[in-house]
Amino acid sequence: EYDGSYSGNVAEEVKITNASYLFYYGARTDILNDLLKMLEKPTAMERMFYNNHNITELDLSSVDTSNVTTFQEMFYNCSYLEEVNMNNCNTSKATHTQSMFSSCSRLTELDLSSFDMSKVQYLSNMFINCSQLITLKSFKNLGKAYTRETNDYMHYKLYLGSSTLLSYESLV
């Protein structure tokens, strides 16, 4: 129940639970940190930064992603993105990660070791056209998603570049 008061801090007053399309096509990156503080256990981050050419680095390590089911095309074609921190990212409820980093042509390394991919059903093209991606510290439980019976094997193609070094603790 709203009591009519206002603290003067929008981040304390407004909470965002669906972050899909939030920074789509280069939307207001000058207020990025304020908007990230407003995220309250989002359920979707689909196309959150889609085609955003204004972002060069992101720190999402403090965002609670424990309820997110789709990360589909989250950073699609963020061609100027050079660094993204997703340490502590909880993907245990995620079912869609396809094209998550597609065409992020300036990324050189990613640490996704906190990613639990056990419920992911669609992860195709996750890294397609990431031409500079050299080091990928990979997911937990990819094997469970990868060996899942399906009629369409394409759902599981990651499309890593030939120069990408994949390091992982456990794919199964």
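What counts and how
- Residues numbered from 1 in each chain as written.
- Predicted model: local features only at pLDDT ≥ 70, side-chain atom pairs only at ≥ 80, totals over all residues.
- Heavy atoms only, no water.
- Helix = DSSP H or I, 4+ residues; strand = E, 2+ residues; numbered from the N terminus.
- Buried < 20%, exposed > 50% of the residue type's maximum accessible area, 1.4 Å probe, protein only.
- Contact = heavy atoms within 4.5 Å.
- Areas by Shrake-Rupley, 256 points an atom, 1.4 Å probe, with all protein chains shown as cover.
- Phe/Tyr/Trp six-rings, centres within 6.5 Å; stacked < 30°, edge-to-face > 60°.
- pLDDT = per-residue confidence, 0-100.
- 1 Å grid on protein atoms, 1.4 Å probe; cavity = no way out; pocket = protein on both sides within 12 Å on 5 of 7 lines; lining within 4 Å.
- Points joined across faces, edges and corners; volume = space filled by probe spheres on them.
- Nonpolar A, V, L, I, M, F, W, Y, C, P; charged D, E, K, R; others polar.
- Patch = residues over 30% accessible without salt bridge, like charges linked within 9 Å, V, L, I, M, F, W, Y side chains within 5 Å.
- Salt bridge = Lys/Arg side-chain N within 4 Å of Asp/Glu carboxyl O.
- Lys, Arg positive; Asp, Glu negative; His and termini not counted.
- Charge placed at Lys NZ, Arg CZ, Asp CG, Glu CD.

Caption draft 1: Representation of the overall build of the chain within the structure. From N to C terminus, the chain includes three helices and seven strands. The linear arrangement of helices and strands in the chain, starting from the amino end, is α-β-α-β-β-β-β-β-α-β. Taken over 172 residues, the chain has a buried fraction of 43%. Counting contacts in the chain only where the partners sit at least 6 residues apart, residues at least 24 apart contribute 76% of the total. Of the roughly 9100 Å² of accessible surface on the chain, a fraction of 44% belongs to carbon and sulfur atoms.

Caption draft 2: Main features of the packing of aromatic side chains. Per the counting criterion, the structure on display carries eight aromatic pairs. Taking the centre distance of 5.7 Å and the plane angle of 5° together, the rings of Phe101 and Phe127 count as stacked. Taken as a pair, Phe101 in the loop between strand S4 (83-85) and strand S5 (109-111) and Phe127 in the loop between S5 and strand S6 (135-137) lie far apart in primary sequence, 26 residues in all. Residue class for Phe127 comes out buried when judged on its relative accessible area of 1%. An aromatic cluster of three or more residues is present, and its members are Phe23, Phe49, Phe75, Phe101 and Phe127.

Caption draft 3: Focus on the confidence of the model for the chain. Looking at the chain, the pLDDT average stands at 78 and 70% of residues meet or exceed 70. Scored below 50 in pLDDT, residues 1-6 shows two contacts in the model against residues more than four places distant or in partner chains.

Caption draft 4: Summary view of the layout of surface pockets. Estimates place the volume of the largest pocket at around 180 Å³. Surrounding the largest pocket, Glu82, Glu83, Val84, Asn85, Met86, Asn87, Thr108, Glu109, Leu110, Asp111, Thr135 and Lys137 form its lining. Only S4, S5 and S6 provide two or more residues apiece to the lining of the largest pocket. A per-class count over the lining of the largest pocket returns three nonpolar, four polar and five charged.

Caption draft 5: Layout of a negative patch on the surface. Taken together, the side chains of Glu57, Asp59, Glu82, Glu83 and Glu109 present a region of like negative charge at the surface. With respect to the element layout, Glu82 can be found in the loop between strand S3 (57-59) and S4. Exposure remark for Glu82: the relative accessible area of 43% places this residue in the partly exposed category.

Caption draft 6: Local environment of the pattern of salt bridges. Applying the stated criterion across every chain, the model contains two salt bridges. Residues Arg47 and Glu46 are paired through a salt bridge, measuring 2.6 Å at the closest nitrogen-oxygen approach. For the pair shown, Arg47 and Glu46 are each scored as buried. Salt-bridge contacts for Glu73 lead to Arg47; the nearest nitrogen and oxygen are separated by 2.5 Å. With a gap of 26 residues between them, Glu73 in the loop between S3 and S4 and Arg47 in the loop between strand S2 (39-44) and S3 connect regions that are remote in the sequence. With a relative accessible area of 14%, Glu73 lands in the buried category.

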